[in-house]
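For reference, the chains in residue letters:
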Amino acid sequence: MNRYLPLALLAFGILAFATLMLVIAPGVQIARHSVPPQLEPYTEQQARGRAQYVGLGCVYCHSQQPRSPDQAPDGERGWGRPAVAADYVYDQPHQLGTMRTGPDLLNVGARLPSEAWQLTHLYQPRAIFGWSVMPAYPFLFEIKPAAEPGDTVVVLPEAFAPEAGVVVARQEALDLTAYLLSLDRTYPAPADALRDEGYATMESGS
Amino acid sequence: MPLTIGLLLGLSFVVSVLALAFLIWAVATRQITMQKGDAATVFGAEGAGHPDVDGTHLFDTTGIDRISARPVLVLIAAAIFWLVVGSLFGVGASLKLHWPDWLTGSAPLTFGRMRTLHLNLVIYGWLSQVGIAGMMWILPRIFRTPLKMPGLPLAGAVIWNLTVAAGGWAIATGWTDGEEWLEIPWQLDILLALAGVFFVLPMIQTARKREVHHIYVTGWYFLGAMIWFPFLFIVANLPGIHYGVEEATTNWWFAHNVLGLWLTPLGVGTAYYFIPKIIGKPVYSYAVSLLGFWGLALFYSQVGIHHLIGGPVPTWVVTLSVVHSVMMFIPVIAVAVNQHVTVARNTWALKQSLPLRFIAFGALMYTFASFQGSIEALRSVNTITHFTHYTIGHAHLGAYAFVSIVMFGSVYHIMPRLLGREFAWPGLIRAHFWLVVLGFAIYFFALSIGGVLQGLAMLDATRPFAESVILMKPYLEARSIGGSMMTLGHILFALNFIGILLARPGTAAKPVVAE
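Now for a look at the structure at hand.

About the criteria used
- Residues numbered from 1 in each chain as written.
- Chains lettered and ligands numbered in written order.
- Predicted model: local features only at pLDDT ≥ 70, side-chain atom pairs only at ≥ 80, totals over all residues.
- Heavy atoms only, no water.
- Helix = DSSP H or I, 4+ residues; strand = E, 2+ residues; numbered from the N terminus.
- Rg over C-alpha atoms; globule rule 2.2 N^0.38 Å.
- Buried < 20%, exposed > 50% of the residue type's maximum accessible area, 1.4 Å probe, protein only.
- Contact = heavy atoms within 4.5 Å.
- Areas by Shrake-Rupley, 256 points an atom, 1.4 Å probe, with all protein chains shown as cover.
- Lys, Arg positive; Asp, Glu negative; His and termini not counted.
- Charge placed at Lys NZ, Arg CZ, Asp CG, Glu CD.
- Expected span 1.5 Å × (residues − 1).
- Buried area = accessible area lost by both parts, 1.4 Å probe.
- Salt bridge = Lys/Arg side-chain N within 4 Å of Asp/Glu carboxyl O.
- Nonpolar A, V, L, I, M, F, W, Y, C, P; charged D, E, K, R; others polar.
- Phe/Tyr/Trp six-rings, centres within 6.5 Å; stacked < 30°, edge-to-face > 60°.
- Lys NZ or Arg CZ within 6 Å of the ring centre and 35° of its normal.
- Core = buried A, V, L, I, M, F, W, Y, C linked by side-chain atoms within 4.5 Å.
- 1 Å grid on protein atoms, 1.4 Å probe; cavity = no way out; pocket = protein on both sides within 12 Å on 5 of 7 lines; lining within 4 Å.
- Points joined across faces, edges and corners; volume = space filled by probe spheres on them.

Focus on the overall build of chain A
- Assigned secondary structure in chain A consists of 6 helices and 2 strands.
- Along chain A, helices and strands appear, N-terminal first, in the series α-α-α-α-β-β-α-α.
- Here the C-alpha radius of gyration of chain A, 22 Å, is well above what a compact globule of 206 residues would show, namely 17 Å.
- Each of the 206 residues in chain A was classed as buried or not, and the buried ones make up 57%.
- When contacts within chain A are restricted to residue pairs at least 6 apart in sequence, those whose partners lie at least 24 apart make up 71%.
- Surface summary for chain A: the accessible area is close to 8400 Å², and the carbon and sulfur share equals 58%.
- Side-chain charges in chain A split into 14 positive and 21 negative, and the spacing between the mean points of these groups amounts to 8 Å.

Points about helix H9 (residues 315–327) of chain B
- Its 13 residues place the ends of H9 of chain B 18 Å apart at the C-alpha level, agreeing with the 18 Å of an ideal helix rising 1.5 Å per residue.
- When H9 of chain B is considered as a whole, its buried residues turn out to be Val317, Val318, Leu320, Ser321, Val322, His324 and Ser325 of chain B.
- On its buried face, H9 of chain B is in contact with helix H1 (4–31) of chain A together with helix H8 (288–300), helix H10 (329–344), helix H12 (354–376) and helix H13 (379–385) of chain B.

Observations concerning the interface of chain B and chain A
- At the interface, 104 residues of chain B touch 77 residues of chain A.
- Summing both partners gives a buried area of about 8200 Å² for chain B against chain A, and 66% of it is carried by carbon and sulfur.
- On the chain B side of the contact with chain A, Pro312, Phe387 and Phe465 of chain B bury the most area, a combined 10% of that side's loss.
- Scanning the region where chain B abuts chain A turns up 2 salt bridges.
- Among the salt bridges present, the one from Arg379 of chain B reaches Asp196 of chain A, with a minimum N-O distance of 2.8 Å.
- In the side of chain B that touches chain A, the residues fall into 54 nonpolar, 34 polar and 16 charged.

Describing the packing of aromatic side chains
All names here are of chain A.
- Summed over all chains, the structure comprises 44 aromatic pairs over all chains.
- Its guanidinium or amino end placed over the ring of Trp79, Arg77 lies 5.9 Å from that ring's centre, counting from NZ or CZ.
- In this arrangement the basic side chain of Arg185 is found over the ring face of Tyr88, its NZ or CZ atom lying 5.9 Å from the centre.

Looking at helix H6 (residues 217–237) of chain B
- Here H6 of chain B is 21 residues long and its end C-alpha atoms lie 30 Å apart, about the 30 Å a rise of 1.5 Å per residue gives.
- H6 of chain B sits mainly inside the fold: 18 of its 21 residues count as buried.

Some points on the nonpolar core
- The biggest cluster of nonpolar side chains holds 184 residues, and the ones touching the most others in it are Trp126 and Phe254 of chain B.
- Ranked by size, the runner-up nonpolar core spans 25 residues in total, among them Leu174, Leu176, Tyr179 and Leu183 of chain A.

Here's the deal with the layout of surface pockets
- Its boundaries defined by the atoms lining it, the largest pocket holds a volume of some 750 Å³.
- Looking at the largest pocket, it is lined by 26 residues, and the ones nearest its centre are Leu10 and Ile14 of chain A together with Ala19, Phe22 and Trp294 of chain B.
- Mapped by element, the contributors of at least two residues to the lining of the largest pocket are H1 of chain A together with helix H1 (2–28) and H8 of chain B.
- When grouped by side-chain class, the residues that make up the lining of the largest pocket number 20 nonpolar, 5 polar and 1 charged.
- Looking at the second largest pocket, its volume works out to about 630 Å³.

Structure below.
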């Protein structure tokens, strides 16, 4: 090959084609699906909590996309029904994730709906699960000599409690918990649900 | 749905007709015939048969290198700085996965941020910069044309490095765009794109004003990469238009193409230049390299959605990416035939050239990483390995064992020819090689074996999720050991680099007068 311009044009054309196939065409297809009526936009506090979730990098260990029973026992683990494209219309940035160092969280609000549990777990995961490798987030909390009116005190076993005073959730921890509790896509999947059915066809089709 | 399928069929038809027209044009105007001597473009005016294993005897005989020297040196120095910093964050993140209560006091040091810092610093700080440095060194040589506008890349390097630093600061403080590989805020990405223009313009200008007729295969990869990456980077970072699952497909279209259409062409192109150059013989079958290049462009550009197998995306787009992932066997075998056969017929050169050891090893890892990737994309395999540390091992086989290790060799080969003096401590180069190769072997096998066990545990409904976490711990500890060895190798690399920079001026060879 001896000329720059044809090389550049063809190289660009191939990538433009790939963009059409991987970005534009699925985008058009996804946009034509209706929003499930039960899915609600995030409240202001939930959105702030989501920003914490994004900023702290929770996605690097937690996916938000339960698989279908044709592929994996996600449903049996309580992670929810198979996720569909319409479940994510209010998500920006998306947090689908590619890793399960920890469990899937798309329905954690339905599975673990206690604010007190979530706060304890964020302050020190090993206070609940000795085997956990999740980071502790003590910087989302503060230790006070005594709780003041309006404070949310974190419930802790003695081994993890401070020597004096109480652990109180900062606003960031309360926001993050509000977001986690909002994660609930247990409503039935819409009739025109869009998702990768490749594993279902593998079993019934061949 | 019918509209989409009709649309796709119509588009496929139009694209096929266009491609056919292009092919007829290319055949009619003899664009794809290559002369026998074209493969010898790498050797310069003196032709093949002269191995380039001694660092200084060919010091700047043409006057071309001294023009590229300054931007190349600045980019390499900055890249090595980010390599060391980025590796330290990598080790830190690795340790945190088995010491979860270590350094939990402040948000910037939490796992989610240290891991992100590691990725962004090594991709944008180290790999991209050292790759651009290699392009700026190699392109003027294969075009036998001094780098045009050589001041521009210096300005680019200043902007690029300040922005990478600012991006690191943003991630550490929680200001992020929040998608894997796209974390640096888009406001800062504008500056990266601007710096990119400053890097790319001089190289395209050099290509257009070149003094040889033929563009050597390395040039195809580099010129392609310079088209692809800016397009990918700008489209993926456009703020406000991507959301939900569409954003996820854009995310993985981008992220896999960073590897496939940016880092891979940098690594493959660099290897395509240095392997024949160091050995002094042309690559085994130059015609096959056409297949390797266009195959890569066509197939690699569409593999990204294999990161969303089993997810909430249309089945057809997942299947499309799986098919293209498997098709990658074709270009990879084409490159393997050229590069590995050339090395295998000239193993004497591995003894004489330490840089070639890195480059040949890295090129071999490209073959392995690609084969592994093609197999990993199969639905039956992916169902086990997806969501596990196996993927992290695979990513490092590609970005580290292949691209980074080729770049180590590239820097070791360039520096003596850029400065006219040898490295002060060749022993450190050997130590660097063995530390990163052995460290990487530990890293890779630990994550691959552990990842499969983790995946099998997660698929088994009778085993609680906790089992998949507990069984990973020894493998994660082994990964920390391997990663620390690799980082130690990088520190030796940096020391040797500082050593050759600071060597007493008297030890430099006298430059040969330009022709």
